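Here are the chains, one letter per residue:
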Amino acid sequence: MLNVSAKQTQKLAMAGIWGGGVITLLLLIVIIGYVLLQGLPGINWEFLTTNPKGGLSGEGGILSTVVSTLYLIGITLVLLVPIGIGSAVYLSEYAPNNRLTRIIRYGIETLAGIPSIIFGLFGYALFVTVLSFNFSILSGALTLVCLLLPTMITTTEEALKAVSYSYREAALALGTTKWQMISRIVLPSAIPGIVTAVILCIGRAIGETACLYVTMGGSAAMPSSLLEGGRTLSLHVFYLAMETNAMDKAMATAAVLIIIIILINALTNLLAGRFQKRLKGIS
Amino acid sequence: MTEYNLNGQTCRGDKIKAKNLNFYYGSFQALRDINLDIPGCAITAIIGPSGCGKSSFLRLLNRMNDLIYGSRIEGTIELDGKNIFDKEVDVVDLRKNVGMVFQKPNPFPISIFDNIAFGPKQHGKKSKIELEEIVENSLKKAALWDEVKDKLGQSALALSGGQQQRLCIARVLSVEPQVILMDEPCSALDPMATLKIEDLMRTLAKNYTIIIVTHNMQQAARVSDTTAFFMMEPDRAGSLVEYGLTSEIFTNPKDKRTEDYITGRFG
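This structure is a prediction, so every number in the text was calculated from the model and none was measured. (Residues numbered from 1 in each chain as written. Chains lettered and ligands numbered in written order. Predicted model: local features only at pLDDT ≥ 70, side-chain atom pairs only at ≥ 80, totals over all residues. Heavy atoms only, no water.)

What to know about the overall build of chain A
Basically, it comes down to this: A helix here means a DSSP run of H or I that spans at least four residues, while a strand means a run of E at least two residues long, and both kinds are numbered starting from the N terminus. A simple rule labels every residue: compare its accessible area, found with a 1.4 Å probe on the protein chains alone, to the largest value its type can have, and call it buried under 20%, exposed over 50%, or partly exposed in between. In what follows, residue pairs with any heavy atoms lying within 4.5 Å of each other are defined as contacts. Note on areas: Shrake-Rupley, 1.4 Å probe, and residue coverage restricted to the protein chains presented here. Positive charge is attributed to Lys and Arg, negative charge to Asp and Glu, and no charge count is given to His or to the chain ends. Every charge is mapped to an atom, namely NZ of Lys, CZ of Arg, CG of Asp or CD of Glu.
When you go through chain A residue by residue, the secondary structure sums to 11 helices and 0 strands. In sequence order, chain A lays out its α and β elements as α-α-α-α-α-α-α-α-α-α-α. Viewed in the frame of its principal axes, chain A has a C-alpha envelope of about 65 × 60 × 40 Å. Considering chain A as a whole, with its 283 residues, one finds that 43% of them fall into the buried category. Partitioning the intrachain contacts of chain A with sequence separation of at least 6 by distance along the chain shows that 73% fall at a separation of at least 24. By element, 70% of the accessible surface of chain A is carried by carbon and sulfur atoms, the whole surface being about 14,800 Å². With 17 positive and 11 negative side-chain charges, chain A shows a spacing of 13 Å between the two charge centroids.

What follows is the structure, given as structure tokens:
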């Protein structure tokens, strides 16, 4: 009797697990499929290579928003990744288990739960006003760095902690310094996890609208320097959908956004593979 | 200094010398009043029941216990007459000199070649020719060369458990230590692989001082020249009960507790 019921429970559990997986996959396919079906017809060379007209017309293309987005993501990552990895290495490998460390961890966890618009207000107060970077890509990037650091640090720290303690022991027992052990064994082994952290952060950065609205402004013009404002693709979708009737253009922009995300993820994985090989001295 | 002839070589009788050694994890005393002279170019086995502090003792010899928060040491351990806990001793140099093989084979998740070249590279050897030479010599000394010479670029994780453990020994040899510590190196291996490691240890004993912690008394009897028997006292602190030539410990133990342990009455 018990056997039969245990088997039935297993069948039920399997059905649940499979069901969950299938629903997730379906959702993904439906959303991406819908956006691409609606958006792809609107994409053409002219759409990609002209700037939006701005205002309420919804006319024009998306060139400046693509450039602003890539610009913003690039600068955010250049600042975010080294600081994030450095902090994670400190917390995972160096920080003593004491009160200060617990306070730092608590702070990071709290920051991770704060709504992005709060970071936007902070960015507006500090970067836009006090430091006079004005509404600019730099202000937006710095705000994103603040917003994403908690995610970057905690995900990277998890990746570092997952590296077997026996590798650390083996390296130290060979007479390496702690830093050699970390830089040559622990970090390379943790790269897949660190890449996950970067991809998560890119995804969130691309999706942000509110906190960028108050730090980058929303100028549809082509930015010519870091200190000029700009409009990201997500912000542009928001403008098009809410303030114009150009729903077809909003969908086309969303399709471009999805394609860019897929490309960035693929590129990050590729680079990480190369980097891992080089660090491990395989090249 | 006592000198003696063993394995056809003149060796120091006190290559490693523990004096009045006490070791604590926080308030728990793990080792009490250990006095032990370990001879050079010989194999010394440390045996005893679980929890008697034999691994803790072994990990003091290359200061791996430094990594444990709240651990504390009293007394001295001298390597060639020099206290390894002295302030001016560089722990990185010490570990280069006193290598360690762990219970579970732990090759890095990289190629066989890179596993062996890792240590020398970190110690500043860059030339490819030199590294290739070190890798080949180390693998030959560890009796692994013939099995892996055609697949040096493959991941070390693809090797069998016994091969992985010999790779770890080769990795230790690559940085040219004088002393090799082995913490139950065969406990995760099958009998054939164990036999290979034991043969290898006998060969290595000609040039290295080897200290092995083992649960396996037959292994201690087979491979070692001297044997130390550790046991825990009523408060669970480990102490040295008896120490001497392996042949004597196993045939004519002086202490009743040693006799009970090696005849299998407990442990």
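Having seen it, we continue.
With respect to the side chain of Ser136(A)
Among the structural elements, Ser136(A) can be located in the loop between helix 5 (116-130) and helix 6 (137-161). Given a relative accessible area of 0%, Ser136(A) falls into the buried group.

Topic: the domain arrangement of chain A
Residue and element names in this part refer to chain A. This is how it is decided: Each domain span listed reflects an automatic or database assignment of domains. For any pair of parts, buried area is found by adding up, for both, the accessible area (1.4 Å probe) each one loses once the two are put together. Any Lys or Arg side-chain nitrogen located within 4 Å of an Asp or Glu carboxyl oxygen qualifies as a salt bridge. Polar contact is the term for a pair of N or O atoms within 3.5 Å; when the atoms are in protein, one must be able to donate a hydrogen and the other to accept it, and sequence-neighboring residues count only if both atoms are side-chain atoms. Residues are grouped as follows: Ala, Val, Leu, Ile, Met, Phe, Trp, Tyr, Cys and Pro are nonpolar; Asp, Glu, Lys and Arg are charged; every other residue, Gly included, is polar.
Entries for chain A in the domain assignment read domain 1 (11-42) and domain 2 (46-282). One C-alpha centre belongs to domain 1, the other to domain 2; they are set 26 Å apart. Taken together, the two surfaces of domain 1 and domain 2 that pack against each other cover about 610 Å², and 87% of this comes from carbon and sulfur. On the surface where domain 1 and domain 2 come into contact, there are 0 salt bridges. Counting across the interface, domain 1 meets domain 2 through 0 residue pairs in polar contact (both at pLDDT 80 or more). In terms of residue class, the side of domain 1 that touches domain 2 is built from 5 nonpolar, 3 polar and no charged.

Section: the environment of Tyr94(A)
Tracing the chain through its elements places Tyr94(A) in helix 3 (residues 63-94). What makes Tyr94(A) partly exposed here is its relative accessible area of 36%.

Description of the side chain of Thr227(B)
Residue and element names in this part refer to chain B. As for its placement among the helices and strands, Thr227 is situated in strand 11 (residues 226-232). For Thr227, a relative accessible area of 0% puts it in the buried group. Among the polar contacts made by the side chain of Thr227, one reaches the side chain of Thr246 at a distance of 2.8 Å. Those residues in contact with Thr227 that lie beyond four places of it in its chain are Ala45, Ile47, Glu242, Tyr243, Gly244, Thr246, Ile249 and Phe250.

Some remarks on the packing of helix 3 of chain A against helix 8 (residues 178-207) of chain A
Residue and element names in this part refer to chain A. Convention followed: Fitted lines through C-alpha atoms serve as axes, helices being fitted only where they are in contact, and the angles separating the N-to-C directions of these axes extend from 0 to 180 degrees. Working definition: roughly parallel below 35 degrees, roughly antiparallel above 145 degrees, roughly perpendicular at 65 to 115 degrees, and oblique for all remaining angles. A crossing counts as left-handed when the near helix is turned anticlockwise from the far one by less than a right angle, and as right-handed when that turn is clockwise.
Helix 8 packs onto helix 3 with a crossing angle of 135° between their chain directions and a minimal axis gap of 9 Å. Taken together, the axes of helix 3 and helix 8 lie oblique to each other. Where helix 3 crosses over helix 8, the handedness of that crossing is right-handed. Every residue of helix 8 that contacts helix 3 at Ile73, Leu77, Leu80, Val81, Ile85, Val89, Glu93 and Tyr94 is listed here: Lys178, Trp179, Ile182, Val186, Leu187, Ile194, Val198, Cys201, Ile202, Ala205 and Ile206. By residue class, the composition of the contact of helix 3 with helix 8 is 17 nonpolar, no polar and 2 charged.

Describing the packing of aromatic side chains
The cut-off we apply is this: Stacked, edge-to-face and tilted are the three classes for Phe, Tyr and Trp ring pairs, Trp counted by its six-membered ring, which pair at centre distances within 6.5 Å; planes under 30 degrees apart are stacked, over 60 edge-to-face, the rest tilted. Placement of a positive charge over a ring is assigned whenever Lys NZ or Arg CZ falls within 6 Å of the ring centre and within 35 degrees of the normal to the ring plane.
Taken as a whole and judged by the stated rule, the model has 9 aromatic pairs over all chains. On the numbers, 6.4 Å between centres and 65° between planes, the contact of Tyr167(A) with Phe108(B) is edge-to-face. Of the two residues, Tyr167(A) sits in helix 7 (residues 165-173) while Phe108(B) sits in the loop between strand 8 (98-101) and helix 3 (112-122), which places them in two different chains. Each of the two residues, Tyr167(A) as well as Phe108(B), counts as buried. The ring of Tyr94(A) carries the charged tip of Lys178(A) above its face, separated from the ring centre by 4.5 Å. Over the ring of Tyr239(A) we find Arg231(A), and its NZ or CZ is 4.0 Å from the ring centre.

Describing the confidence of the model for chain B
We apply this condition: Per-residue confidence from the predictor is reported as pLDDT, which spans 0 to 100.
When pLDDT is averaged along chain B, the result is 87; 96% of the residues meet or exceed 70. Here the complex is predicted with pTM 0.79, and the ipTM for its interfaces comes to 0.86.

Some remarks on the layout of surface pockets
Threshold: Of the two site types, the cavity is a set of points on a 1 Å grid over the protein atoms alone where a 1.4 Å probe fits but cannot get out, and the pocket is an open set with protein on both sides within 12 Å along at least five of seven lines, each lined by residues with an atom within 4 Å of a point. Grid points are joined across faces, edges and corners, and a volume is the space filled by probe spheres set on the points.
The computed volume of the largest pocket comes to approximately 680 Å³. Lining the largest pocket are 26 residues, and of these Ser92(A), Glu93(A), Tyr94(A), Lys178(A) and Leu67(B) lie nearest its centre. Where the lining of the largest pocket is concerned, the elements lending two or more residues are helix 3, helix 4 (99-112), helix 6, helix 7 and helix 8 of chain A together with helix 2 (91-97) of chain B. Across the lining of the largest pocket, the residue classes tally to 13 nonpolar, 4 polar and 9 charged. In this structure, the second largest pocket occupies an estimated 560 Å³ of space. Looking at the second largest pocket, it is lined by 18 residues, and the ones nearest its centre are Val81(A), Val198(A), Thr268(A), Leu271(A) and Phe275(A). Broken down by secondary-structure element, the contributors of at least two residues to the lining of the second largest pocket are helix 3, helix 8 and helix 11 (247-279) of chain A. With 8 residues, the top contributor of residues to the lining of the second largest pocket is helix 8 of chain A. Considering only residue class, the lining of the second largest pocket consists of 15 nonpolar, 2 polar and 1 charged.

Regarding empty space enclosed by the protein
Residues and elements named next belong to chain B. Counted according to the given criterion, the structure contains 2 cavities of 30 Å³ or more. Taken as a whole, the second largest cavity spans an internal volume of roughly 40 Å³. Contributing to the lining of the second largest cavity are Ile16, Leu61, Ile77, Leu79, Ile84 and Val98. Classifying every residue of the lining of the second largest cavity by side-chain character gives 6 nonpolar, no polar and no charged.

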